[in-house]
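The primary structure of each chain is shown beneath.
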Amino acid sequence: MRFYTESYHESTQYAPRLSGDPLSLHWENEPIPDKRYPGCERIAMPRHMLPPLPAATFDGLDSINIYVVLRKYGVPDGVFYCDVARHQLVRIGAGAEMETLANSFTDSEFIRNVPMLFLYAGSVSRTVWRLKEAAYREIEKDAGAVIGNQMLFSNGRGFRTTVLGGFVDDSVANVLKLASTEIPLSALAVYPDSLNVNALSLDEGAGRFSYSNRNESLEKVYAVESAGAGNRYASRFMLQNRCECIDDLSRCIRVCRLQAQSLPGDEFPLTPAKFTNDYYYREAELLPQKPLRITPFKPYNLDLDDFSSILRWLELGQIDMFGAGLLKIWVVVFNVMFVYPGVYRYVPIQKSIYMQSSQVSDKKFARCHSAPEQAQNATFAIILTADLNECCNILGDRAYRYLNMNAGYIAESVHVSSRILNKVSHAEHFYFEKELKTLCNIPESESILSEIVVGREDS
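Description of the structure in this document. Note on numbering: residues in each chain are counted from 1, in written sequence order. The predicted nature of this model means local features are confined to residues of pLDDT at least 70 and side-chain atom pairs, given and counted, to a pLDDT of 80 or more, with totals for whole chains, interfaces and linings taken over all residues. Water and hydrogen atoms were dropped before computing side-chain values, which therefore reflect all heavy atoms in the structure.

## Topic: the overall build of the protein
A tally of regular secondary structure across the protein gives 14 helices and 17 strands. Whether a residue is buried, partly exposed or exposed follows from its accessible area with a 1.4 Å probe, protein chains only, as a fraction of its type maximum: under 20%, in between, or over 50%, in that order. Within the protein, the fraction of its 459 residues that count as buried is 58%. Nonlocal contacts in the protein, meaning residues at least 24 apart in sequence, comprise 82% of its contacts between residues at least 6 apart. Computed with a 1.4 Å probe, the accessible areas rest on the Shrake-Rupley method; for each residue, only the protein chains presented here act as cover. Carbon together with sulfur atoms contributes 50% to the accessible area of the protein, which is approximately 18,900 Å² in total. Runs of E in the DSSP output that reach at least two residues are strands. Runs of H or I that reach at least four are helices, and both are numbered from the N terminus. Note on contacts: a residue pair is in contact if any heavy atoms of the two residues lie within 4.5 Å.

## Observations concerning the pairing of strand β5 (residues 116-123)
For a regular strand, the rule is simple: side chains alternate between the two faces of the sheet. The buried fraction of β5 amounts to 8 of the 8 residues, a majority that puts the element mostly inside the structure. Burial along β5 is two-sided: M116, F118, Y120 and G122 and L117, L119, A121 and S123, pointing in opposite directions, are all buried. For two strands to be treated as a pair, DSSP must find at least two bridges joining them. Two elements, β5 and strand β7 (residues 182-192), share 8 bridges in a ladder whose sense is antiparallel. Note on β7: the bridge partner recorded for A121 is P184.

## Concerning helix α9 (residues 277-286)
Residues of α9 that are buried: Y280, Y281 and A284. Buried residues of α9 fall within an arc of 95 degrees about the axis and therefore sit on the same side. When the buried face of α9 is taken as reference, the exposed residues oriented beyond 90 degrees from it are D278 and L286. Here the buried face of α9 lies against α5 (135-156) and α13 (399-420). Arc definition: it is the arc formed by the directions from the helix axis to the C-beta atoms.

## Here we look at the environment of Y344
By the element assignment, Y344 lies in strand β13 (residues 342-347). Given the relative accessible area of 3%, Y344 is considered buried. Apart from the residues lying within four places of it in its own chain, the contact partners of Y344 are I329, W330, V331, V333, V339, I353, Y354, M355 and Q356.

## Comments concerning the sheet that holds strand β3 (residues 78-83)
Taken in spatial order, the 7 strands make up an open sheet running β1-β4-β3-β2-β5-β7-β6, and their pairing is antiparallel. The sheet terminates laterally at β1 (42-44) and β6 (159-164), the two strands that pair on one side only. Strand after strand, the sheet turns through a mean of 30 degrees between neighbouring axes, direction not considered. Bridge analysis of β3 against strand β4 (residues 88-93) gives 5 bridges, and the strand direction is antiparallel. When the sheet's bridge partners are listed, D83 is paired in β4 with Q88. Contacting β2 (64-70), β3, β4 and β5, helix α2 (residues 95-103) runs over the sheet at an angle of about 90 degrees to β3. In this analysis an axis means a line fitted to C-alpha atoms, helices contributing only their contacting stretch, and an angle means the value between N-to-C directions, from 0 to 180 degrees.

## Re the packing of helix α1 (residues 4-11) against helix α8 (residues 236-244)
As a packed pair, α1 and α8 sit with axes 10 Å apart at the nearest point and diverge in direction by 150 degrees. When the interaxial angle is binned, α1 and α8 end up roughly antiparallel. The two elements α1 and α8 cross, and the hand of that crossing is left-handed. Two secondary-structure elements touch here, α1 through Y4, T5, Y8 and S11 and α8 through R236, F237, L239, Q240 and C243. Gly is placed with the polar residues, together with every amino acid not listed as nonpolar (Ala, Val, Leu, Ile, Met, Phe, Trp, Tyr, Cys and Pro) or charged (Asp, Glu, Lys and Arg). Looking at the contact of α1 with α8, its residues break down into 5 nonpolar, 3 polar and 1 charged. Should an angle lie under 35 degrees it is considered roughly parallel, over 145 roughly antiparallel, and from 65 to 115 roughly perpendicular; all remaining angles are considered oblique. Crossings are assigned a handedness: left-handed for a near helix turned anticlockwise from the far helix by less than a right angle, right-handed for a clockwise turn.

## Some words on the side chain of S186
Along the polypeptide, S186 turns up in strand β7. S186 sits in the buried class, given a relative accessible area of 2%. Any pair of nitrogen or oxygen atoms within 3.5 Å is treated as a polar contact; in protein, a donor-acceptor pairing is required on top of that, and neighbouring residues in sequence qualify only through side-chain atoms on both sides. Reaching out from S186, the side chain makes a polar contact with the backbone oxygen of L164 at a distance of 3.4 Å. Look past the residues within four positions of S186 in its chain and what remains in contact with it is F118, L119, Y120, I147, L164, F167, F322 and M405.

## Quick word on the nonpolar core
Within this scheme, the nonpolar core is defined by two criteria: the residues are buried Ala, Val, Leu, Ile, Met, Phe, Trp, Tyr or Cys, and they are joined through side-chain atoms within 4.5 Å. M49, F118 and F307 are the most contacted members of the largest nonpolar core, which totals 96 residues. If you tally residues by element for this core, the top one is α13, at 12 residues. F307 has contacts with L270, L302, V331, V333, V336, V339, I353 and F380, leaving out every residue within four places of it along the chain.

Shown next, in the form of structure tokens:
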């Protein structure tokens, strides 16, 4: 049976001269969840708990709600909603809810020992009006950006971080009292280096782990799909969400892979990072807030050290955020000093890029987007792909969630690195997938999940 993930991804693709999706979007017309929590205790948020610079999520729609479980952190233990606007924590649960949450994860003992566990939920109702069926995949990328932002901030302050994706979705949703339009996506544990806990790391970054739901029975999902438009999950992204859900931890498999081999093609070694890691963390925290806006690039010849630094700084966080090394990183070089224009594959552990095909016209590249002026004159672009059939065979339909959140982290890291080096980057959402794959000679078996373009702002 074909994985539902492949059908869902195809339903979110854009194409030139396409009038629109012929299928109607059946979405429950429900209000945005009320986060005022009347009667719940509110306390001031501890200093330096959240990054001062918000993540660059899609269109700044604030599609991700943040919750946190705190233990022995200078405030009463409990489960809290992070009211970022008021800089307050709202206590929505205590000991019983904390224990239920711990039992909802495959790594229960690990959860019980960490002092801070962030939980991230996507609010689909904030993006569905703009993105229709693609709303779900974009909030997954937004979650990856928010997690990456917190990960880099905490790492810069000397804490260790571990992303967690193996949990019973409905159990977490019940503890957090999520509305039907709010979906639990991931968790991030933050703890001091001195804490003697299993950090779930493998081989100094060469090992990749993730969690599979491929033994889950999806018969109920396909039964719902065939029932027609009159049911609760008529929207394809809600069906995709049900495919991804884990409901039995005993059948949730932990998958480990090693990813360290080089690739065929001419190798181009990257130069060392331009500045130290301490410099990066300090500058990232000092970056001024400014509204997210996409402006045209100006023609610019990017310095090789800047180019290398942006790629190598991806490893300051967990570049394969949810493991398995299944996300493929393509780099399309247009105008980088001393680097021959062409299409490359990037292997982080090797610190090299490998040429896959020759030069790509920047004008033809721009025409692969619904707004060509936003990609014109980019110095280079990062295209993130995956073979969805391969990924689902390894991790089940949940692989799609992991891949999108991984892509969101990479986009956030590139955004921060670019700003530190006085460049700009943005994620392109409205690209024509088939045309872009043909232009860059990306294999037909791979699907494009995300694209980030980098350049110099035309001020």
